[in-house]
Amino acid sequence: MNSILNDKKLQISFLIFASLLIFLGRQLDTGITIYDDVYYAQKAKEVLNSGSLWDITYAGTPAFDNPPLPFWFTALAFSLFGVSSYSAIFSSALFGTGIVFMTYRLSLLLYKDCWIAFASAFVLLFPGMFVDASRRAMIDIPLAFFVTLAFFAVFKAKDQKPWYLVFGLAIAGAILTKSVLGLFPLAIVGAFLILSRQWREIINPWFLSGSFIGLVLGFSWHFINWQHYGQGFLNAHFGWLIFERSFGGTKDPFYFLGYAKDFLRNYWPWLPFALVGLAQFGKRGFKDKNETALLLFLWPVLTFLVMSTSKNQTLRYLFMIFPALAIVTARTISTWMGTERKNQALVIMTGVIAATTLFVNATPFQAKVTLGQSTKEIRELAAIINLNTPENQRIGNYRLQPYNPRLTALFYANRLVELNVTSSTNELIMALVSSPRKTWLTSTNEFRKLATQHPNKVYLIQANNKYAFFTSIKNRENIRYDFSPIRLPVVK
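All values reported here derive from a predicted model rather than from experimental measurement. (Residues numbered from 1 in each chain as written. Predicted model: local features only at pLDDT ≥ 70, side-chain atom pairs only at ≥ 80, totals over all residues. Heavy atoms only, no water.)

Time to look at the packing of helix α8 (residues 140–157) against helix α10 (residues 184–195). Remark: α8 packs on α10, axes separated minimally by 9 Å, with the N-to-C direction vectors making an angle of 30°. Relative to α10, the element α8 lies roughly parallel. Handedness of the crossing formed by α8 with α10: right-handed. For the pair α8 and α10, contact is made by V147, A150, F151 and V154 and by P185, I188 and V189, respectively. (Axes fitted to C-alpha atoms, helices over the stretch in contact; angles between N-to-C directions. Helix = DSSP H or I, 4+ residues; strand = E, 2+ residues; numbered from the N terminus. Parallel < 35°, antiparallel > 145°, perpendicular 65-115°, else oblique. Left-handed = near helix turned anticlockwise from the far one by under 90°. Contact = heavy atoms within 4.5 Å.)

Put into C-alpha cells, the structure is as follows:
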C-alpha cells in the first residue's frame, strides 16, 4: 500500500482532486463573506456589466485601490456560470489548487523526493488558514499563486534560461493582482543573486528580458489609469492605499511584532519545525553556499521582515510565503524520520486530507468562517429590495452600520444603501414625509420599536430575523410582491 501512495502521478491526482473538492465544496448556498470578499465580487460584476477591463469601478465610481487581474478572472466565471457566490470564489479555488500543485512540483524539483513533496502540500493545507482563504473571494490567494510560480520559474531557469520569461509573466500577474506586493519575487531574486555573487546571471539577457516584461506588463494598469486620471490616481493608489495605510500613524509602538504574534497564535503545529528549518537553511545558504537553501531562506524571511514594517498587518498578506515555509518544514521533518515512520506518516496525511474532503462535502457541520452561512439575511431580502427600489434610488440606512449591509445589498440586490446613517427617529419621520416613496433598511428590532412609536408612519415590506425592509405608509399602494412580469437577477 505504501508503494502505491508513494507514486508521483497518484499523489498529484489525489492532491488536485481533493483540493478542488475542499475549496469548492458546500459553496452553492453559503454566501460571500463580508467585507472584502463581497467588495471584490461587486467590482468583478461591474467589470462584466461594463465590459471595461482597465477602468475598475465600485458602484459606478472609479476605484483605484486594486489592480484588475483577479476581477477579470471572477468576471469570466460570472459570464460562464452566472453571477453567484459560487462563481465569485471559483477562481480563488482554482488558484488555491494551483498553489498546492506548484508547491508539490517545486519541492519535487528541488529534492526529487515524493514524500517531501506530498508533505509540503500537506503542511500548506493544514492548519486551515490556507484552506479557508482559498474558499473566499479574496485576492491574496491569486497573489500567492503568482509568487509561487515566479520562484518555481527561477529554479527551473537554472538549467533552462527561457524560464525567466515565465518568471517575468508571473511577476506581471502578481503586480496586476496586488500592486507593489507583486514586486517581492523580483526583489528577493535580485537579493539572492547579489548575495550569491552571481553577477553574470544579473546581466543575463533572459533574466533582464523577464524582469522587463514583468515590470512593463505588471504596471500597465497603473500607467493607463495615471494617463486617464492623473494625480488623482497616484494620490489614491500610492498615497492613501500604500503609504498612508501601511506607514500611517499607530498608537502601538510594537506594531512590527504583529505578524510574529499572528504566527505564534496560528501556525501550529508547524511553527517549531519551520523556525528550526529556516535556521538550518540560512546556515546552509550563507555558510555552505547552498543556492537552493539560500533562496528558500530569503523568500519567507525577507518578505516577513519587509511586511513587518507595515502598520496594516493581516496574516493573509503573508500567504505568499506559505509554500516556502511548507517546503522548509517538510524537508526539515524528513531529515528526522526513517523510512518506516515516513510510510506511516504518509498514510496519516492521506487519511486527513480524505477525511477533510468528506467533512466539507458530506456533512452539515460548520467550521471556520467559510463553512457557515454568510450574508443569509440580505440574500433573503435581495429580490424584494430589487423589485421595490428603482435603480437610481438609494436605500435609506436607519441605525445600521455604514458598510454592512451596504456592500452585500449592492452585490445581491443591485441596489445601493446610503453610506450616511440616519440615527435620529425624528429625522427619519421627516424623511418619510418628504420622500414617501423611498425605501429603507434597518434591524428588525429597530423597526419594531419604530412601528410601536409611529404605527401610522411606516409600512413593513418584508423582514427576517435580522433586517427589516420598509417604507412610508403613504407608499403602501405602490409596493409590489408579484415577480411574474419581470426577470430579477437572483443571486445565490
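What follows picks up the thread again.
The next thing to look at is the packing of aromatic side chains. Going through the model one piece at a time under the given rule, you end up with 37 aromatic pairs. A ring pair is formed by F122 and F126, whose centres lie 5.1 Å apart and whose planes are at 45°; its orientation type is tilted. Like F126, F122 is buried. Seen in terms of ring centroids, F152 and W163 are 5.6 Å apart; in terms of plane orientation they differ by 80°. Their pairing is edge-to-face. (Phe/Tyr/Trp six-rings, centres within 6.5 Å; stacked < 30°, edge-to-face > 60°. Buried < 20%, exposed > 50% of the residue type's maximum accessible area, 1.4 Å probe, protein only.)

Here we take up the nonpolar core. One broad trend across soluble globular proteins is that nonpolar side chains are buried collectively. In this structure, F167, F263, Y267, L296, I353 and L441 are the most contacted members of the largest nonpolar core, which totals 144 residues. Here this core takes 14 residues from α8, the largest share from any one element. Here F167 is in contact with A150, A153, V154, P185, L186, V189, F207 and S211, once residues within four sequence places are set aside. The next biggest cluster of nonpolar side chains, apart from the first, holds 11 residues, and it includes L428, L432, L450 and F470. (Core = buried A, V, L, I, M, F, W, Y, C linked by side-chain atoms within 4.5 Å.)

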